[in-house]
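Below, each chain spelled out in residue letters.
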Amino acid sequence: MLILSRKTDEKIKIGEDITLTIIEIRGDQVKIGVEAPKNVKVFRQEVFNAIKNENKSAAETTNVAGIDAITKLLKK
């Protein structure tokens, strides 16, 4: 992990296309602006985890339903 110190209005570049800007520092909260191409998805970690869990749950539900449907077809 790379750890960087930045002040308000200072930036961090990630590759050619992504820029992080420190917008505001207030107490223990930091506001960060993210500039990235539209094809790059940017999420807060907790939102990313929720999406990942929801996708996993949907895939498991779909697989069970699909297996049940195939089993019924094979029995005919």
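Conventions used here
Residues numbered from 1 in each chain as written. Predicted model: local features only at pLDDT ≥ 70, side-chain atom pairs only at ≥ 80, totals over all residues. Heavy atoms only, no water. Helix = DSSP H or I, 4+ residues; strand = E, 2+ residues; numbered from the N terminus. Buried < 20%, exposed > 50% of the residue type's maximum accessible area, 1.4 Å probe, protein only. Contact = heavy atoms within 4.5 Å. Patch = residues over 30% accessible without salt bridge, like charges linked within 9 Å, V, L, I, M, F, W, Y side chains within 5 Å. Areas by Shrake-Rupley, 256 points an atom, 1.4 Å probe, with all protein chains shown as cover. Salt bridge = Lys/Arg side-chain N within 4 Å of Asp/Glu carboxyl O. Polar contact = N/O pair within 3.5 Å; in protein donor to acceptor, adjacent residues only side chain to side chain.

## So, the environment of Thr 8
For step 1, the next point in the chain: Position of Thr 8 among the secondary structure elements: in the segment before strand E1 (11-14).
For step 2, the next point in the chain: For Thr 8, a relative accessible area of 41% corresponds to the partly exposed category.
For step 3, the next point in the chain: Considering only alpha carbons, one finds Thr 8 and Lys 31, 23 residues apart in sequence, at a separation of 9.2 Å.
For step 4, the next point in the chain: Here Thr 8 is in contact with Ile 22, Ile 23, Glu 24 and Ile 25, once residues within four sequence places are set aside.

## Considering a nonpolar patch on the surface
For step 1, the next point in the chain: A contiguous nonpolar surface patch, about 470 Å² in accessible area, is contributed by Ile 25, Val 30, Ile 32, Val 34, Val 40 and Val 42.
For step 2, the next point in the chain: In terms of residue count, the dominant contributor to the nonpolar patch is strand E3 (residues 29-35) (3 residues).
For step 3, the next point in the chain: Here Ile 25 shows up in strand E2 (residues 18-26).
For step 4, the next point in the chain: The exposure class assigned to Ile 25 is partly exposed, which follows from its relative accessible area of 45%.

## What to know about the side chain of Thr 21
For step 1, the next point in the chain: Position of Thr 21 relative to the elements: it lies in strand E2.
For step 2, the next point in the chain: Contact partners of Thr 21, with chain neighbours within four places excluded, come to Asp 9, Glu 10, Lys 11, Lys 31, Ile 32, Gly 33 and Glu 35.

## Thoughts on the side chain of Thr 19
For step 1, the next point in the chain: With respect to the element layout, Thr 19 can be found in strand E2.
For step 2, the next point in the chain: Look at Thr 19 and you get buried, because its relative accessible area is 10%.
For step 3, the next point in the chain: Here Lys 13 takes part through its side chain, which lies 3.0 Å from a polar atom of the side chain of Thr 19.

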